[in-house]
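Below, each chain spelled out in residue letters.
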Amino acid sequence: MKKLFLILVLLFISIICQAQLLKQREVYYEGLFSKAINGTTQVVLKDLSRVDIVTDTFAIEIDFADKWAESVGQSLYYAHVLDRKPGVLLIVNGNAEERYVLRLLKVAEKEDITVWLWNYNNDTWKRTKISSIYSYKF
């Protein structure tokens, strides 16, 4: 009986760890966000690069906050190739990574990039309003 209990506890812990590891990967957010906005995931271009999400309107790159600059370049390139608007879904730790968000918003305003933020603490997302004030809060 003790062995069975131990096995069940270990299995439960393993499942929780697997779920946390999945949340640390972009593919987790890609799946949820694409369903929310009716997008297609992993669209392969002629040069074999992959767009995270494509909709009728947007070519969207998904990245964690510290990779905000990479997301800008990729979204602009994908939008150009697909003749769509560039978009970025930035995965953030609530308001704790504000410096990355503010950097992205400054560039997004100049380059006309639509920005969504996904708070991985509670799995909520929102589209940001880009303005000369550059502020956001979850």
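Definitions and limits used
- Throughout this description, residue numbers start from 1 for each chain and increase along the sequence as written.
- The model is predicted, so local features are restricted to residues of pLDDT at least 70 and side-chain atom pairs to those at 80 or more, both for listing and for counting; the totals for chains, interfaces and linings are taken over all residues.
- Side-chain descriptors were evaluated using all non-hydrogen atoms of the structure, hydrogens and water having been removed beforehand.
- Helix and strand labels come from DSSP, where a helix needs a run of H or I of at least four residues and a strand needs a run of E of at least two; each type is numbered from the N terminus.
- The cut-offs for exposure are 20% and 50% of the maximum accessible area for each residue type, with area from a 1.4 Å probe on protein chains only; residues under the lower value are buried, those over the upper are exposed, and the others partly exposed.
- Should any heavy atoms of two residues lie within 4.5 Å, those residues are counted as being in contact.
- We get accessible surface area from the Shrake-Rupley algorithm with a probe of 1.4 Å; when it comes to residues, only the shown protein chains can shield them.
- Between rings of Phe, Tyr and Trp, where Trp is taken as its six-membered ring, a pair exists when centres lie within 6.5 Å; planes separated by under 30 degrees are stacked, by over 60 edge-to-face, and by other angles tilted.
- A pair of strands is considered paired only if DSSP assigns at least 2 bridges between the two.
- Fitting a line to C-alpha atoms yields each axis, with helices limited to the stretch in contact; the angle taken between N-to-C directions then spans 0 to 180 degrees.
- You can read pLDDT as the predictor saying how much it trusts each residue, on a scale of 0 to 100.
- The working definition used for a salt bridge is a side-chain nitrogen of Lys or Arg within 4 Å of a carboxyl oxygen of Asp or Glu.

A. Structural detail: the overall build of the protein chain. When helices and strands are tallied, the protein chain shows four helices and six strands. The secondary structure elements of the protein chain, listed N-terminal to C-terminal, are α-α-β-β-β-α-β-α-β-β. The burial tally for the protein chain puts 37% of its 138 residues in the buried class. Partitioning the intrachain contacts of the protein chain with sequence separation of at least 6 by distance along the chain shows that 57% fall at a separation of at least 24. Carbon and sulfur atoms make up 57% of the accessible area of the protein chain, which totals about 8,600 Å².

B. Just the packing of aromatic side chains, in detail. Taken as a whole, this structure holds eight aromatic pairs when the rule is applied. On the numbers, 4.9 Å between centres and 90 degrees between planes, the contact of Y28 with Y29 is edge-to-face. Residue Y28 is classed as buried on the basis of its relative accessible area of 19%. Judged by relative accessible area, Y29 falls into the buried class, the value being 1%. Between the aromatic rings of F33 and W116, the centroid separation amounts to 5.4 Å while the plane-to-plane angle is 65 degrees, which identifies the pairing as edge-to-face. Taken as a pair, F33 in helix 2 (residues 26-37) and W116 in strand 5 (residues 114-119) lie far apart in primary sequence, 83 residues in all. Across the pair, exposure class does not vary: F33 and W116 are buried alike.

C. Fine view of the sheet that holds strand 2 (residues 50-54). Pairing in this open sheet of six strands is mixed, and the strands run 1-2-3-4-5-6 from one edge to the other. Across the chains shown, the open sheet's two edge strands, defined by having one partner strand only, are strand 1 (40-44) and strand 6 (124-127). Each strand of the sheet is rotated relative to its neighbour by a mean of 30 degrees, with strand direction disregarded. As paired elements, strand 3 (residues 58-64) and strand 4 (residues 85-92) share seven bridges and run parallel to each other. Its bridge partner being in strand 4, A59 is matched across the sheet by P86. Across the face of the sheet, helix 2 comes into contact with strand 1, strand 2, strand 3, strand 4, strand 5 and strand 6 while running at roughly 145 degrees to strand 3. Those strands touched by helix 4 (residues 98-111) are strand 4 and strand 5, and its axis lies near 175 degrees from that of strand 4.

D. Looking closely at unusual backbone geometry. You will see that Q42, though not glycine, has its phi angle at about 50 degrees, which is positive. Turning to its location among the elements, Q42 is positioned in strand 1.

E. Structural context of the confidence of the model for the protein chain. Confidence in the prediction of the protein chain, expressed as mean pLDDT, is 84, and 77% of residues score 70 or more. Confidence over residues 17-23 falls short of pLDDT 50; this stretch has seven contacts with residues more than four positions distant or in other chains.

F. Representation of the pattern of salt bridges within the structure. All chains considered together, the criterion is met by two salt bridges. Here E26 and K67 are joined by a salt bridge, their closest N and O atoms 3.9 Å apart. Note that E26 is positioned in helix 2 and K67 in the loop between strand 3 and helix 3 (68-82), a separation of 41 residues in sequence. With a relative accessible area of 22%, E26 lands in the partly exposed category. Owing to a relative accessible area of 29%, K67 belongs among the partly exposed residues under this scheme. Look at the salt bridges and you will find they share partners, linking E26, D63 and K67 into a network.

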